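Letter by letter, the chains look like this.
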Amino acid sequence: MTAIAQPGMRPKASKISEYAIRGIFNYPLVVLDALVGSTSLLIYTQLVFGRVRTDGVFYLVNIAVACAFGLPLLFAFSLWGKRIRNPVFSFFLQMSGLLVVMWVYALLPETAEAYTSITVYRLGAATLCALLLCSFILFFQVDSDNGFWQFNRCCFGAALSSSLYAALLFLGACLALYFFRYLFQIQIEKKVFIQVFIFFFGVIDIWYFLALLPVRPEALASEKKYPNGLKFIAQYALIPLLSFYGLVLYAYGLKIVLKWQLPEGGLATLVSVFSAMGMAAIALVYPLRKQESKRWVIFFKNAFYIALLPLLALLLIAVCRRIESYGFTEARYLLLVLAVWLVGIAIYFIRKEDGKLIYIPMSLFALICLAAFLPYYNAFSVSKKSQLDRLHNLFQRGHISVSDSLDDEPVSPDSWARVHSILAYLDARGELGAVSPYFGQRGEEIVKPGSPYPDRVKVAALMALLPRQSNSWLDKTLCVTPRAVALSGFAYLIPIDDTDSQNQRLDEGLTHSWIDGLSLCVRFQSHTMKIPLADELLRVNSWSFKGVNQLDSLVFTAADSLYSAELWIESAQLKSFDRDSIAIKALQGYCLLKKNDSID
């Protein structure tokens, strides 16, 4: 019997192609951005896991990073164009978004080592701003709170569906690859699974999400649909969980008040999670507030924001205390701004029974833009100035001065730890050059661009310029001028990067090295060779007990029954108690090995 096709029925393949075409047609640049970013990661993965040199291909990672930022930005600009309904203006917006993505790519550091925490913070802030822009740009300056809610509901549902779809496809593909490898005894490399993950979550997930969105999202302003499942989740899951969480937080706050001692950390995370959960629960049931039978929505909204205010007051006190003691950092700056913003949001919704939800992402968007990019008063500028002021106060009030004399009064352990913390903070952000005035000409030589001092020891090198206590954890930094080394006569080169905590030994046959007292042990092809370092290190220690030591070379030789070795040191950190007693804290360099002629 021939089946009769019902009206509206279509083959599945046709439906899939329709979704694919819809995603490309509605958001072409977003799909292109996802394809370019995923392709660059696929190529980079192939190079990293293959037997191919990866020198000079970090630009592929930068392309992926720029495309990750471009996804929400180009999506927001596409929505803006749909709202204006002007083809010329829409095309101009699309090209502007593309230029912004290319500009961000041009600003990215060229190597992984050049990335600083400031780069990561700025990229994160810019991406978050682009995501917030997506949420409200379609209904900005449009009196349609319902349209704003309906559009974000659609986006949330589409994101869940597309992610679930991509996850199922990924798991299915992994199972197929696993059984293929098992049945046919064919080795499948790890990179294949990583590339499958990148393809499904970098291309299919994004593409399917765009296809699930309405063709005309601006028409959602007249949509009256409310899924009952959202009310069920909010009323019977989120709100009870939020109430229990709130009681726990209040009990914790009562403990703080009774002990009269602020916690060292963690309060910010607890209050932030509570705030996010509460605002999400209110957003889920927001359209029900005008129904007479759902007056509990208004009551819950007011109760939540009133309960939130004391917790925010406690958070503000804790943050201000930390800033007073340790100065500003980006995290403390943003936490202070976020707490003030939450206080403003809470007061607004308590006073306005019919407050507009769209003001939440709009105000947060403006706040993040100002905090991350406002000249002179952004999180990075304020934090840098605050830490430099702390360093200045430590040098002035603590009477700390840079000197190589052993007769200087040593720096107290507390001041020492504070100076080290500030220098490490600035070094992580690429701002170590700002401290050179406090360390004189020697400090300028250490931190200047092109300095022979490796980045990983610059902070230790600066700290070694200060007067030290005899039991300090680090008394000497040895830095060797980089030079080319002839490998003639040697068969193997083994990188050395060890600390005294890396004292474990690995399985037979693996190349490994570790510090053993004043010697370096190198295991190669199941043979362990011990290279003594004591005589030369004690000689260096005798002529310069404290401070930074710039050496032309530091080479050790050793030989045993099987191998001869040369150990070239790039940098070393020593712990000194007196001129005749040292311990090795860390060692970096490389070891050259060759078999003895008598053995061959």
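Please refer to the structure placed before this passage.
Asks: Please set out the overall build of the protein chain residue by residue, giving values where relevant.
Replies: A count of helices and strands for the protein chain gives 17 helices and nine strands. Among the 600 residues that make up the protein chain, the fraction classed as buried is 44%. Contacts in the protein chain between residues at least 24 apart in sequence constitute 72% of all its contacts with a sequence separation of at least 6. Carbon and sulfur atoms provide 63% of the accessible area of the protein chain, an area that totals close to 32,200 Å².

Asks: Which residues make up the pattern of salt bridges, and what values go with them?
Replies: Applying the stated criterion across every chain yields a total of five salt bridges. Between Lys-384 and Glu-431 there is a salt bridge, and its shortest N-O distance comes to 3.0 Å. Here Glu-431 lies in the loop between α14 (413-428) and α15 (436-447) and Lys-384 lies in helix α13 (residues 379-397), a separation of 47 residues in the sequence. One salt bridge connects Lys-530 with Asp-516, and the closest N-O pair in it is separated by 3.5 Å. Of the two residues, Lys-530 sits in strand β5 (residues 527-532) while Asp-516 sits in strand β3 (residues 512-516), which places them 14 residues apart along the sequence.

Asks: Any details on unusual backbone geometry? Residues and values, ideally.
Replies: Although it is not a glycine, Tyr-376 sits at a positive phi angle of roughly 70°. Topologically, Tyr-376 is positioned in the loop between α12 (359-373) and α13. With a relative accessible area of 70%, Tyr-376 lands in the exposed category.

Asks: How would you summarise the packing of aromatic side chains if you had to cite specific residues and measurements?
Replies: Per the counting criterion, the structure on display carries 28 aromatic pairs. Measuring from ring centre to ring centre gives 5.9 Å for Phe-75 and Phe-209, while their planes differ by 65°; the resulting arrangement is edge-to-face. Highlighted residues: Phe-75 in helix α3 (residues 59-84) and Phe-209 in helix α7 (residues 190-212), separated in sequence by 134 residues. Judged by relative accessible area, which is 7%, Phe-75 ranks as buried. Residue Phe-209 is classed as buried on the basis of its relative accessible area of 16%. Between Phe-170 and Phe-197 the ring centres are 5.3 Å apart and the planes differ by 80°, which places this aromatic pair in the edge-to-face class. Taken together, the positions of Phe-170 in helix α6 (residues 145-184) and Phe-197 in helix α7 put the pair 27 residues apart, joining distant regions of the chain. Phe-197 gets classed as partly exposed once you look at its relative accessible area, which sits at 40%. Stacked on the ring of Tyr-27, the Lys or Arg Lys-82 has its end atom at 5.1 Å from the ring centre.

Asks: Lay out a nonpolar patch on the surface in plain terms, naming residues and giving numbers.
Replies: On the surface, Leu-175, Tyr-178, Phe-179, Phe-180, Tyr-182, Leu-183, Phe-184 and Ile-186 cluster together to form a nonpolar patch covering roughly 880 Å² of accessible area. Within the element layout of this structure, Phe-180 appears in helix α6.

Asks: Explain the sheet that holds strand β4 (residues 519-524) residue by residue, including any values.
Replies: Within the open sheet, the three strands sit side by side as β3-β4-β5. Their pairing is antiparallel. Since the sheet does not close on itself, it has two edges, and those belong to β3 and β5, each with one partner. For this sheet, the mean inter-axis angle between neighbouring strands, taken without regard to orientation, is 20°. With five bridges connecting them, β3 and β4 associate as antiparallel partners. Bridge pairing links Trp-514 to Cys-521 in β4.

About the thresholds
Residues numbered from 1 in each chain as written. Predicted model: local features only at pLDDT ≥ 70, side-chain atom pairs only at ≥ 80, totals over all residues. Heavy atoms only, no water. Helix = DSSP H or I, 4+ residues; strand = E, 2+ residues; numbered from the N terminus. Buried < 20%, exposed > 50% of the residue type's maximum accessible area, 1.4 Å probe, protein only. Contact = heavy atoms within 4.5 Å. Areas by Shrake-Rupley, 256 points an atom, 1.4 Å probe, with all protein chains shown as cover. Salt bridge = Lys/Arg side-chain N within 4 Å of Asp/Glu carboxyl O. Phe/Tyr/Trp six-rings, centres within 6.5 Å; stacked < 30°, edge-to-face > 60°. Lys NZ or Arg CZ within 6 Å of the ring centre and 35° of its normal. Patch = residues over 30% accessible without salt bridge, like charges linked within 9 Å, V, L, I, M, F, W, Y side chains within 5 Å. Pairing = 2+ DSSP bridges. Axes fitted to C-alpha atoms, helices over the stretch in contact; angles between N-to-C directions.

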